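Coordinate inspection notes
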Amino acid sequence: MEVPKLSKTFRGKVKVRGDKSISHRVIVLSGLSEGNTKIKIYNLSSADDVKRTANILSELGVEIKEAKGCVEVRCKGLYLNSPQSVLYAGNSGTTARIFSAILSAQKFPSVLDGDESLRKRPMGRVVKPLRELGAKIWGKNNGDHLPLIFDGIGKFGGGKNFLLSVPSAQVKTALLFANFWSDEPIKVKEPSPSRDHTERILPIFSVNVKKDEDGFIFCEGKPISPGVFNVPGDISSASFLLALGVLGENSEVEVYDVLLNPTRTGFIQALKSMGGDVEFCVEREEGGEQVGKVVAKSSFLKAKEFKGEIIPLMIDEVPILSFVAVFSDGVFCVRDAKELRVKETDRIHAICHNLRALGIDVEEYEDGFSFEGLGRDAAKKLKNEYYLKSFGDHRIAMSIFVLGCIIDGKIFVDDDIKSVVSVSYPEFFSDVKSLSVKV
Ligand code: S3P
């Protein structure tokens, strides 16, 4: 399909739907909470990935209902019902990793599967530590790939410390949740910080998160529902709108009621360090998270190198940041981002492929890439027809769409990007349209 031309100017204010990472966590913790009470969740993400998590919980006997302006979940407790069929995580890595812990701890056998992309993603990073806790898990390539079979053991062994080799919030979350089914602490430490939503949401569910003298974290207590929870807007979804604010002509985009957790604002920091006219303001704390607004205005950008600890803080935004960098002056470079190779697609390959299709000379490394930006006139320089590929990846698809809005030329993309995008941000096209100014 051809990426439609909307406008080159984007102005206005948008509130995006609830953050996907927090939505997974709140709905799972609600189902696992003790006490047969209900929780009302406001602004839950409408992403397909979150629907996968909700469907799996339903298959396991958790009652989830759409109610007036919210989603209502009836708390079931730590032991769920045996499912009737194979549990399907679709495209969602977070669902697969978190449920690997939950299913290992149940008292029945189960099977967990995913789509073609998820079947290729590494599961060994969560299966290995769970096995050390006694979990009985079988799967292809010694359990590194879905489908996985679990024979629930009812309780974990505990008393183990896990030092992760890569920062991964999904693995950290699975191991922290494993504490619910263990009498001894299960401790985890990362080589550098990843998103910390689990550490922030557990106390809201009356679970204490502790850190020992060696920096390992673990938790104590069983989840209890707080009754209501409001999910702040998804900062990863917002990044595509902020990119339009920065790249558009005479543009100014404000995203409000959005998550501003410092472990998720790497993209904003990166844009600012490239000279982007982007400001954010934390207005309140809600559900343990910082929430506020971000304003992005048309900017001239200087390319930069990004590596080290900022990478996990913007890991999902590297595709859109790289497309934004096409419009910068100088050499843009990303290193220490090998994790991108095992996302929904190999995102290093996907970024390099698409930039080359634009005629840009890209150098690819195992852990990143570099290229020279086309500068402030990039929109005019890119005046031909370009055939790009989403690789079935939502964040690559949205990055391509943003580029298509800004350049003078035409962009064609292979996939049905509408269904691809709904993996994380079904409102993407309507939100972009609401900002586009007719000239
Ligand atoms: C997520 C963690 C990150 C991120 C993913 C969501 C989460 O993955 O890329 O989109 O919700 O915990 P890793 O844990 O693999 O780094």
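Note: the structure precedes this text.
Model, not experiment: these values are computed from the prediction.

**Regarding the pattern of salt bridges**
Evaluated as defined, the whole model comprises 34 salt bridges. For lysine 8, the salt bridge goes to aspartate 408, with nearest N and O atoms at 2.2 Å. Of this pair, lysine 8 sits in the segment before strand E1 (11–14) while aspartate 408 sits in the loop between helix H13 (394–406) and strand E24 (410–413), placing them 400 residues apart in sequence. Judged by relative accessible area, which is 22%, lysine 8 ranks as partly exposed. Among the residues examined, aspartate 408 registers a relative accessible area of 39% and is labelled partly exposed.

**Side note on the sheet that holds strand E3 (residues 64–67)**
Two modes of strand pairing occur in sheets, parallel and antiparallel, and in both the strands are linked by backbone hydrogen bonds. Pairing is mixed across the open sheet formed by 4 strands, whose spatial order is E3-E4-E2-E13. Strand pairing shows two members of the sheet lacking a second neighbour, E3 and strand E13 (228–230), which therefore form its edges. Across the sheet, the axes of successive neighbouring strands diverge by a mean angle of 25 degrees, strand direction being ignored. Summarising the sheet, strand E2 (residues 38–42) and strand E4 (residues 70–74) pair through 5 bridges and their orientation is antiparallel. Residue pairing across strands places isoleucine 39 opposite valine 73, the latter belonging to E4. Lying on the sheet, helix H1 (residues 20–32) is in contact with E2, E3, E4 and E13; it crosses E2 at an angle near 170 degrees.

**Topic: the layout of surface pockets**
By volume, the largest pocket is sized at about 600 Å³. Surrounding the largest pocket, 36 residues form its lining, Pro167, Ile315, Asp316, Glu339 and Lys343 being those nearest its centre. At the level of secondary structure, the elements contributing two or more residues to the lining of the largest pocket comprise H1, helix H3 (93–104) and helix H6 (169–178). Looking at side-chain class alone, the lining of the largest pocket contains 8 nonpolar, 9 polar and 19 charged residues.

**A few points about the site of the ligand**
Ser21, Arg25, Thr94, Pro167, Ser168, Ala169, Gln170, Arg195, Ile315, Asp316 and Lys343 make up every residue found near the ligand. Arginine 25 places a side-chain nitrogen or oxygen 2.6 Å from an oxygen atom of the ligand. Here an oxygen atom of the ligand and a side-chain polar atom of threonine 94 are 3.4 Å apart. Here the ligand, which alone exposes 390 Å², has 94% of that area covered by the protein. Counting residues per element, the ones that place at least two in the shell around the ligand are H1 and H6.

**Some words on unusual backbone geometry**
At the junction of leucine 146 and proline 147, the peptide bond is cis and its omega measures out at 0 degrees in the coordinates. Of note, proline 147 is situated in strand E8 (residues 145–151). Phi at phenylalanine 391 takes a positive value of approximately 55 degrees, unusual for a residue other than glycine. Position of phenylalanine 391 among the secondary structure elements: in the loop between strand E23 (385–388) and H13.

**Quick notes on the packing of aromatic side chains**
To describe a pair of aromatic rings, one takes the distance between the centres and the angle between the planes. According to the stated counting rule, one finds 11 aromatic pairs in the structure shown. Each ring, one from phenylalanine 401 and one from phenylalanine 429, has its centre 5.1 Å from the other, and the planes form 75 degrees; the classification is edge-to-face. Taken together, the positions of phenylalanine 401 in helix H13 and phenylalanine 429 in helix H15 (residues 428–435) put the pair 28 residues apart, joining distant regions of the chain. Comparing phenylalanine 401 with phenylalanine 429 shows no difference in burial state: the two are buried. An aromatic cluster is defined as three or more aromatic residues linked by ring pairs; in this entry it consists of Phe240, Phe401, Tyr425, Phe428 and Phe429. The residue whose ring lies beneath lysine 107 is tyrosine 79, and the NZ or CZ to ring-centre distance is 4.1 Å. Geometry around tyrosine 365 places arginine 335 over its ring, the cationic atom sitting 3.8 Å from the centre.

**With respect to the state of the cysteines**
Taken as a whole, this structure holds 0 disulfides when the rule is applied. Considering cysteine sulfurs only, cysteine 70 is the nearest to cysteine 75, which forms no disulfide, with 13 Å between them. What makes cysteine 75 buried here is its relative accessible area of 2%. Between cysteine 352, a cysteine without a disulfide, and cysteine 333, which holds the nearest cysteine sulfur, the sulfur-to-sulfur distance is 11 Å. Relative accessible area serves as the criterion here: at 0%, cysteine 352 is assigned to the buried category.

**Some remarks on the environment of lysine 40**
Counting through the fold element by element, lysine 40 comes out in strand E2. The spacing of lysine 40 and leucine 130 is 90 residues in sequence and 31 Å in space, taken between C-alpha atoms. Beyond its immediate chain neighbours, meaning those up to four positions away, lysine 40 contacts Cys70, Val71, Glu72, Gly227, Val228 and Phe229.

**Remarks on empty space enclosed by the protein**
Summed over all chains, the structure comprises 2 cavities of 30 Å³ or more. Computed from the structure, the largest cavity encloses a volume of approximately 40 Å³. Lining the largest cavity are Arg17, Gly18, Ser45, Ser46, Ala47, Asp234, Ser237, Ser424, Tyr425, Pro426 and Glu427. If you add up the space inside the second largest cavity, you get close to 30 Å³. Contributing to the lining of the second largest cavity are Lys38, Glu63, Lys65, Glu72, Val73 and Arg74. Considering every element that reaches the lining of the second largest cavity, the biggest residue donor is E4, with 3 residues. In terms of residue class, the lining of the second largest cavity is built from 1 nonpolar, no polar and 5 charged.

**Focus on the pairing of strand E22 (residues 368–372)**
With 4 of its 5 residues buried, E22 lies for the most part within the structure. As paired elements, strand E20 (residues 331–334) and E22 share 4 bridges and run antiparallel to each other. Directly across from phenylalanine 332, in E22, lies its bridge partner phenylalanine 371. Here strand E21 (residues 362–365) folds back onto E22, and the loop between the two strands holds 2 residues.

Cut-off values and rules
- Residues numbered from 1 in each chain as written.
- Predicted model: local features only at pLDDT ≥ 70, side-chain atom pairs only at ≥ 80, totals over all residues.
- Heavy atoms only, no water.
- Salt bridge = Lys/Arg side-chain N within 4 Å of Asp/Glu carboxyl O.
- Helix = DSSP H or I, 4+ residues; strand = E, 2+ residues; numbered from the N terminus.
- Buried < 20%, exposed > 50% of the residue type's maximum accessible area, 1.4 Å probe, protein only.
- Pairing = 2+ DSSP bridges.
- Axes fitted to C-alpha atoms, helices over the stretch in contact; angles between N-to-C directions.
- Contact = heavy atoms within 4.5 Å.
- 1 Å grid on protein atoms, 1.4 Å probe; cavity = no way out; pocket = protein on both sides within 12 Å on 5 of 7 lines; lining within 4 Å.
- Points joined across faces, edges and corners; volume = space filled by probe spheres on them.
- Nonpolar A, V, L, I, M, F, W, Y, C, P; charged D, E, K, R; others polar.
- Near = heavy atom within 4 Å.
- Polar contact = N/O pair within 3.5 Å; in protein donor to acceptor, adjacent residues only side chain to side chain.
- Areas by Shrake-Rupley, 256 points an atom, 1.4 Å probe, with all protein chains shown as cover.
- Phe/Tyr/Trp six-rings, centres within 6.5 Å; stacked < 30°, edge-to-face > 60°.
- Lys NZ or Arg CZ within 6 Å of the ring centre and 35° of its normal.
- Disulfide = S-S within 2.5 Å.

Nothing here speaks to function; it is geometry throughout.
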